[in-house]
Amino acid sequence: MSNETEATTVTSADLSEAIKTATDEVFSTMLSLKLKPGEVYVEKEEKVPASGVVSLIGLAGPWVGTGSVSCTAQFACRIAGQMLMTEYPAICEDVLDAVAEITNMIIGNVKTTLENRLGGMGLSTPTVIYGRNFQTRSARNQEWTVVPFEWDGDQMCVQVCIAPNPDNGKKEVRPGFPIPHMLNI
Amino acid sequence: MDVLIVDDSAAIRKILQRVLLQAEVPVGTVYEANDGVEALKLLRSKTVGLVLSDINMPNMDGLEFLTTVRAEAAWRDLPILMVSTEGTQAKVLEAVERGASGYVRKPFTADQIKEKLAGLF
């Protein structure tokens, strides 16, 4: 494993492949479901305010970034229902917790894939937001690789942004650090 | 045998309870803890025969919990199965060096947990 981040690059294609593999593994293993990935795209920030559930996890080490899973409230209820074998008609603690754990597993597995090239990284605990008319943007103006997935006509997006850590080696970074991500709610 | 499940996700704690019920392990009371600090408090007041623990948790993570538990003579042989998204060889080795009895990576199937449990008893 190398710490020479200048010599290492991660392309959007690398990220989208890692996201697709991790999402497929998590959904097929924990929910017995096959999701269909849509067309991958790259964006700097969401163009329109969103509604629903967003779950965010920070990555830190020689590279830093954020991973997120976003979906409608209905999609989130279906995830929790399938995972916990219970019907959820509306968002509740169980639903938000299930989405957080799905995010933890997907982004955790993306992290494991990336660590082979980028070196060890810490993973923060997930932060879940449920609401209407909110917008997310990266404080560092990074590009997000976004992979949409479909399940019976409903959509979920898994996205990751990651870049070399300019502070690498200056201080110890641990899981639980503040997520480098801004929210306008 | 009473069991302690340590994970900051209530969803995972529920799933692991379900798997334990399916596994051929005689399970009595299942205690739940949100992190290592809560888990240590429970261990000091209850007697359990098995611990399932996550690694990435707030307050006290699973590796620190593992080290603290193994430092106490009374808990040196307590079976502790780590269940975590951390999947690198380095992290698994670290857990084993700190005294983990087994390691299962998330996402997991019920069969993977059952297989690991069968190897512990």
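Our subject in this report is the structure included herewith. Residue numbers here run from 1 along each chain, matching the order of that chain's written sequence. Chain letters and ligand numbers both follow the written order, the letters beginning at A and the numbers at 1. Per-residue local features are limited, in this predicted model, to residues with pLDDT of at least 70; the limit for side-chain atom pairs, both in listing and counting, is 80 or more; totals at the level of whole chains, interfaces and linings are taken over all residues. As a rule here, side-chain values come from all non-hydrogen atoms in the structure, and water together with hydrogens is ignored.

## Some words on the overall build of chain A
Inference 1: Helices and strands together make up the secondary structure of chain A, namely 3 helices and 9 strands.
Inference 2: By the criteria applied, helices consist of DSSP H or I runs no shorter than four residues and strands consist of E runs no shorter than two, each listed in order from the N terminus. Scanning chain A from its N terminus toward the C terminus, one meets helices and strands in the order α-β-β-β-β-α-α-β-β-β-β-β.
Inference 3: When burial is assessed residue by residue, chain A has 52% of its 185 residues classed as buried.
Inference 4: Long-range contacts, defined here as pairs at least 24 residues apart, represent 76% of the contacts in chain A between residues at least 6 apart.
Inference 5: The protein chains shown are the only cover counted for residues, whose accessible areas, like all others here, come from Shrake-Rupley with a 1.4 Å probe. Accessible surface computed for chain A: about 8700 Å², of which carbon and sulfur atoms make up 48%. Partly exposed residues are those whose accessible area sits between 20% and 50% of the maximum for their type, while under 20% is buried and over 50% is exposed, using a 1.4 Å probe and protein chains only. Throughout, a contact is declared for two residues whenever any of their heavy atoms are within 4.5 Å.

## Observations concerning the sheet that holds strand E2 (residues 30-33) of chain B
What holds strands together in a sheet is hydrogen bonding between their backbones, with the strands either parallel or antiparallel.
Residue and element names in this part refer to chain B.
Inference 1: Two strands are said to pair when DSSP picks up at least two bridges between them. An order of E2-E1-E3-E4-E5 is seen for the 5 strands of this open sheet, with the pairing classed as parallel. In this open sheet, the two edge strands, each paired with only one partner strand, are E2 and strand E5 (102-105). Strand-to-strand, the axes of this sheet are offset by a mean angle of 20°, without reference to chain direction.
Inference 2: Bridging between strand E1 (residues 3-6) and E2 involves 4 bridges; their strand directions are parallel. Opposite leucine 4, over in E2, you have tyrosine 31 as the bridge partner.
Inference 3: Throughout, an axis means a line fitted to C-alpha atoms (over the contacting stretch in the case of helices), and angles, computed between N-to-C directions, take values from 0 to 180 degrees. Helix H3 (residues 62-71) rests against E1, strand E3 (50-53) and strand E4 (80-84) of the sheet, and its axis sits at about 175° to E4.

## Observations concerning the nonpolar core
Inference 1: Note on terminology: a nonpolar core comprises buried Ala, Val, Leu, Ile, Met, Phe, Trp, Tyr and Cys residues joined through side-chain atoms within 4.5 Å. Core analysis: the biggest nonpolar cluster contains 62 residues, and A:Phe27, A:Met83, A:Ile102, A:Ile106, A:Met156, B:Phe108 and B:Leu117 have the highest contact counts within it.
Inference 2: If one sorts the elements of this core by residue count, helix H3 (residues 93-118) of chain A sits on top with 10 residues.
Inference 3: In this structure A:Met156 touches A:Thr23, A:Phe27, A:Leu35, A:Val69, A:Ser70, A:Cys71, A:Phe75, A:Ile79, A:Val147, A:Pro148 and A:Phe149, once residues within four positions along its chain are discounted.
Inference 4: Ranked by size, the runner-up nonpolar core spans 24 residues in total, among them B:Leu40, B:Met60, B:Phe65 and B:Tyr103.

## Let's talk about the packing of helix H2 (residues 36-45) of chain B against H3(B)
Residue and element names in this part refer to chain B.
Inference 1: Where H2 contacts H3, the two axes come as close as 9 Å, and the packing angle between them is 25°. In terms of orientation, H2 and H3 fall into the roughly parallel class. Both H2 and H3 take part in a crossing whose hand is right-handed. Residue-level contacts link Gly36, Ala39, Leu40 and Leu43 of H2 to Phe65, Thr68 and Val69 of H3. Any angle from 65 to 115 degrees is called roughly perpendicular, while one under 35 is roughly parallel, one over 145 is roughly antiparallel, and all others are oblique. Two helices cross in a left-handed way if the nearer one is turned anticlockwise from the farther one by less than a right angle. They cross in a right-handed way if the turn is clockwise.

## Topic: the pattern of salt bridges
Residues and elements named next belong to chain A.
Inference 1: What counts as a salt bridge is simple: a side-chain nitrogen of Lys or Arg found within 4 Å of a carboxyl oxygen of Asp or Glu. Counted by the stated rule, this structure contains 14 salt bridges over all chains.
Inference 2: A salt bridge links lysine 111 to glutamate 115; its shortest N-O distance comes to 2.9 Å. With lysine 111 and glutamate 115 both in helix H3, this residue pair falls 4 residues apart, about one helical turn.
Inference 3: Classification of lysine 111 by relative accessible area gives buried; the value is 1%.

## Some words on the environment of A:Ala90
Residues and elements named next belong to chain A.
Inference 1: Mapped onto the fold, alanine 90 is located in the loop between helix H2 (73-84) and H3.
Inference 2: Given a relative accessible area of 44%, alanine 90 falls into the partly exposed group.
Inference 3: Separated by 71 residues in sequence, alanine 90 and cysteine 161 have C-alpha atoms that sit 30 Å apart.
Inference 4: Look past the residues within four positions of alanine 90 in its chain and what remains in contact with it is Cys77 and Val95.

## Quick notes on the environment of A:Met156
Residue and element names in this part refer to chain A.
Inference 1: Summarising the element assignment, methionine 156 is placed in strand E8 (residues 154-164).
Inference 2: Accessibility expressed as a relative area gives 0% for methionine 156, which makes it buried.
Inference 3: Taking C-alpha positions, methionine 156 is 10 Å from isoleucine 79, a pair spaced 77 residues apart along the chain.

## Quick word on the interface of chain A and chain B
Inference 1: Taken together, the contact pairs 21 residues of chain A with 21 residues of chain B.
Inference 2: Around 1800 Å² of area is buried between chain A and chain B when both sides are counted, 55% of it from carbon and sulfur atoms.
Inference 3: In this assembly, chain A and chain B are joined by 4 salt bridges.
Inference 4: Here B:Glu86 ties to A:Lys111 by a salt bridge, and the two come within 2.8 Å at their closest N and O atoms.
Inference 5: What qualifies as a polar contact is a pair of N or O atoms within 3.5 Å, subject to a donor-acceptor requirement within protein and to the restriction that residues adjacent in sequence count only when both atoms come from side chains. Inspection of the region where chain A meets chain B yields 10 residue pairs in polar contact (both at pLDDT 80 or more).
Inference 6: Mapped onto the side of chain A that touches chain B, the elements with two or more residues apiece are helix H1 (12-30), H2 and H3 of chain A.
Inference 7: With 11 residues, H3(A) is the largest single contributor of residues to the side of chain A that touches chain B. Buried area is calculated as the accessible area (1.4 Å probe) missing from two parts once they are joined, with the contributions of both summed.

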